[in-house]
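# Structural characterization, general
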Amino acid sequence: MFLGRLEDIAGMGELAVSPGPLEHVLAALDPALAVELLGERVRMALNGALLGDGGGVVLAEGDELAFLPPVSGG
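Figured I'd write up the structure that's included with this text.

Rules used in this analysis
- Residues numbered from 1 in each chain as written.
- Predicted model: local features only at pLDDT ≥ 70, side-chain atom pairs only at ≥ 80, totals over all residues.
- Heavy atoms only, no water.
- Helix = DSSP H or I, 4+ residues; strand = E, 2+ residues; numbered from the N terminus.
- Rg over C-alpha atoms; globule rule 2.2 N^0.38 Å.
- Buried < 20%, exposed > 50% of the residue type's maximum accessible area, 1.4 Å probe, protein only.
- Core = buried A, V, L, I, M, F, W, Y, C linked by side-chain atoms within 4.5 Å.
- Contact = heavy atoms within 4.5 Å.
- Salt bridge = Lys/Arg side-chain N within 4 Å of Asp/Glu carboxyl O.
- Patch = residues over 30% accessible without salt bridge, like charges linked within 9 Å, V, L, I, M, F, W, Y side chains within 5 Å.
- Areas by Shrake-Rupley, 256 points an atom, 1.4 Å probe, with all protein chains shown as cover.

### Section: the overall build of the protein chain
- A count of helical and extended segments in the protein chain gives three helices and five strands.
- Shown N-terminal to C-terminal, the secondary structure of the protein chain runs as helices and strands in the order α-β-α-α-β-β-β-β.
- Here the protein chain has a C-alpha radius of gyration of 12 Å; the compact-globule value for 74 residues is 11 Å, and the two agree.
- Judged by the C-alpha coordinates and their principal axes, the protein chain covers about 40 × 25 × 20 Å.
- Burial analysis of the protein chain (74 residues in total) assigns 31% to the buried set.

### Considerations on the nonpolar core
- With 17 residues, the main nonpolar core has F2, L37, L65 and F67 as its most contacted residues.
- Elements with a minimum of two residues in this core: α1 (5-10), α2 (22-27), α3 (31-37), β2 (43-46) and β5 (65-68).
- Tallying contributions element by element places α2 first for this core, with three residues.
- The contacts of F2, once residues within four sequence positions are left out, are E7, A10, M12, G13, E14, L15, L33, L37 and F67.

### Brief notes about the pattern of salt bridges
- Enumeration over the complete set of coordinates arrives at one salt bridge.
- Note that E36 is salt-bridged to R5, the shortest N-O span being 3.0 Å. Of the two residues, E36 sits in helix α3 while R5 sits in helix α1, which places them 31 residues apart along the sequence.

### Description of a nonpolar patch on the surface
- On the surface, a cluster of nonpolar side chains totalling about 220 Å² of accessible area is made up of M12, L15 and V17.
- Tracing the chain through its elements places L15 in the loop between α1 and β1 (20-21).
- The partly exposed category is assigned to L15, whose relative accessible area is 36%.

As structure tokens, this is what we get:
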């Protein structure tokens, strides 16, 4: 799931991918999108739980990985 400006960059709100290591999932994406998703201020949540980093994440069938862009406000 892509939220905020990441949805604009991806051109869609959701994308179904094959289960497997996060590195393989990202490698199959458009390179420009993968670079944005790996930005230091983008957070990830797996099945609703925020991740500290994406290292070691392996997606299983039915998992939801959300990419959360930095939030700005005033």
